[in-house]
Structures are given as C-alpha cells and as structure tokens.
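# Coordinate inspection notes
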Amino acid sequence: GENVEQHPSTLSVQEGDSAVIKCTYSDSASNYFPWYKQELGKGPQLIIDIRSNVGEKKDQRIAVTLNKTAKHFSLHITETQPEDSAVYFCAASKAGRRALTFGSGTRLQVQP
Amino acid sequence: NAGVMQNPRHLVRRRGQEARLRCSPMKGHSHVYWYRQLPEEGLKFMVYLQKENIIDESGMPKERFSAEFPKEGPSILRIQQVVRGDSAAYFCASSPPSGHYGYTFGSGTRLTVV
C-alpha cells in the first residue's frame, strides 16, 4: 500500500523566516496531496492541497510544490508568524480511493 | 453552519468495557471517514462509510471494532472489550458527495483505557 514519509519531524524558525516541510510518497497512482495543520487538542485543518495535474499552488503565505517524477511534494510557509506554530501533516490518496495516507507530522515552532 | 461534531470529547473506559464514539457530519456531507491517531503519530485510516453502507474498511482491526452510518442519526464507531492499546484520539471527517476533496475533520474523541 501507499507509504508517505515526512521530514523533518521538528522544525524551529525565527519569526519572519521561511519554513519548508518535505514529503515523499511511494504509490505512483497517487493524485491528490493535501496538507493539514493541527493545533493542540484540535482536529486537523486543511490548509492547502494540490492535484497531480499541477506542479505548484499558492495561497497567500503558503505554497505547495509537487514533483511527480520524483514522487515528492513540499509545503512552503513564508514570513512565518507565531500563530503558524503547530503540527503539520502531509497526506496522499489515489484516484478511486478516498482514504488518505498521512505522514508522521512535523512540529513547527516559530520563535518570536 | 456547524462543522463536524464529535462526542464525547473525552471518554474513559476500563479494560473490557465498550466504547461508543459518535460523529455527525457537516450539513450536506454524506461521506464519513474515521481515523485513529496514536500519541506523537500521524493519522491512520480506519473506515469510510456512506449512509447505510461501509465502502472501505481496509484499516479497521479485524476484531472488536465496528462502524455504522445509519439512515438517521450520527455515525458510530464501536470498540468492544477495550484494551490499553486502544487509547488514542479518534477523528471523524466528512466530505460532500461530489468527491473527497476538502475533507473536514471534527475535534476528535480522546479515548483513555484504564
């Protein structure tokens, strides 16, 4: 089955710096790649997603890039703020199957 | 417009008891998914249901776990004869019938088995 690996497991940046989180997936049939933010005691919240027919998507300070050949995708957060501190999860799914396979998460700490 | 509602938020059960977790999807959503999250880990898919149908239960443990989504009422995840290893956060998500894009998760039920 699908396997999603996520790096790094923890990331500490200074406020205003950029943060990058990377994921690789194993199943070349995967075609949908969402990113979730989870704050302490809460459920995951979808922040951005990308489908396999595009290579990049941007929403204000957040962007996601996808390299289908290498089977990896990345989350980029620019101008980080303390409220960006949370655990971020990448996920993947393939056409015809609605289940998501999640990465193990990255704990992002933005230092004021 | 209420989001995905899960209750209870916290549930404590003694070993051997039954746990029932409830999930009401967002209005207009007819697809429900259950995930389990162990401490410091990612979410693991358990089951995908539509009204009165289990569509994909490939992530469900073979014994003690069951799920339903009746015609009326919330989806229920049932764990019989709980063991310490069942302690985890259980999240429900829902999506509209048009596709799985845009999953919305609830706030979860934290199950503690003592």
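Here's what I pulled together on the structure shown here.

Calculation notes
Residues numbered from 1 in each chain as written. Chains lettered and ligands numbered in written order. Predicted model: local features only at pLDDT ≥ 70, side-chain atom pairs only at ≥ 80, totals over all residues. Heavy atoms only, no water. Helix = DSSP H or I, 4+ residues; strand = E, 2+ residues; numbered from the N terminus. Contact = heavy atoms within 4.5 Å. Disulfide = S-S within 2.5 Å. Buried < 20%, exposed > 50% of the residue type's maximum accessible area, 1.4 Å probe, protein only. Salt bridge = Lys/Arg side-chain N within 4 Å of Asp/Glu carboxyl O.

### Topic: the side chain of D84(A)
The topology assignment puts D84(A) in the loop between β8 (72-77) and β9 (86-94). The contacts of D84(A), once residues within four sequence positions are left out, are K37(A), R61(A), I77(A), E79(A), L108(A) and V110(A).

### Here's the deal with the state of the cysteines
With the rule as written, the count across this model stands at two disulfides over all chains. C23(A) shares a disulfide with C90(A); S-S distance 1.9 Å. Sign of the S-S torsion, about -100° for the bond between C23(A) and C90(A), identifies this disulfide as left-handed. Residue C23(A) is located in strand β3 (residues 19-25), and its partner C90(A) is located in strand β9; the two are separated by 67 residues in the primary sequence. Covalently, C23(B) is tied to C92(B) through a disulfide, its sulfur atoms 1.8 Å apart. Sign of the S-S torsion, about -55° for the bond between C23(B) and C92(B), identifies this disulfide as left-handed. Remark: C92(B) occurs in strand β9 (residues 88-95) and C23(B) occurs in strand β3 (residues 19-24); sequence separation between them is 69 residues. Each member of the pair, C23(B) as well as C92(B), is classed as buried.

### Regarding the pattern of salt bridges
This model, assessed by the stated rule, comprises nine salt bridges over all chains. Its salt-bridge partner being D49(A), residue K57(A) comes within 2.9 Å of it at the nearest N-O pair. When the shortest N-O distance is used, the salt bridge between D86(B) and R64(B) registers 2.7 Å. Residue D86(B) is found in the loop between β8 (75-79) and β9, and its partner R64(B) is found in the loop between β6 (53-56) and β7 (65-68); the two are separated by 22 residues along the sequence. Given a relative accessible area of 26%, R64(B) falls into the partly exposed group. Beyond isolated ion pairs, a larger network of salt bridges with shared partners links K37(A), E39(A) and K42(A).

### A look at unusual backbone geometry
Each neighbour pair has its own omega, and for H7(A) with P8(A) the value is -5°, a cis peptide bond. Relative to the elements of secondary structure, P8(A) occurs in the loop between β1 (4-7) and β2 (10-14). The omega angle of the peptide bond from N7(B) to P8(B) is 0°, so this bond is cis rather than trans. By secondary structure assignment, the location of P8(B) is in the loop between β1 (5-7) and β2 (10-13). Of note in this structure, E79(A) is not a glycine but carries a positive phi near 45°. For E79(A), a relative accessible area of 54% corresponds to the exposed category.

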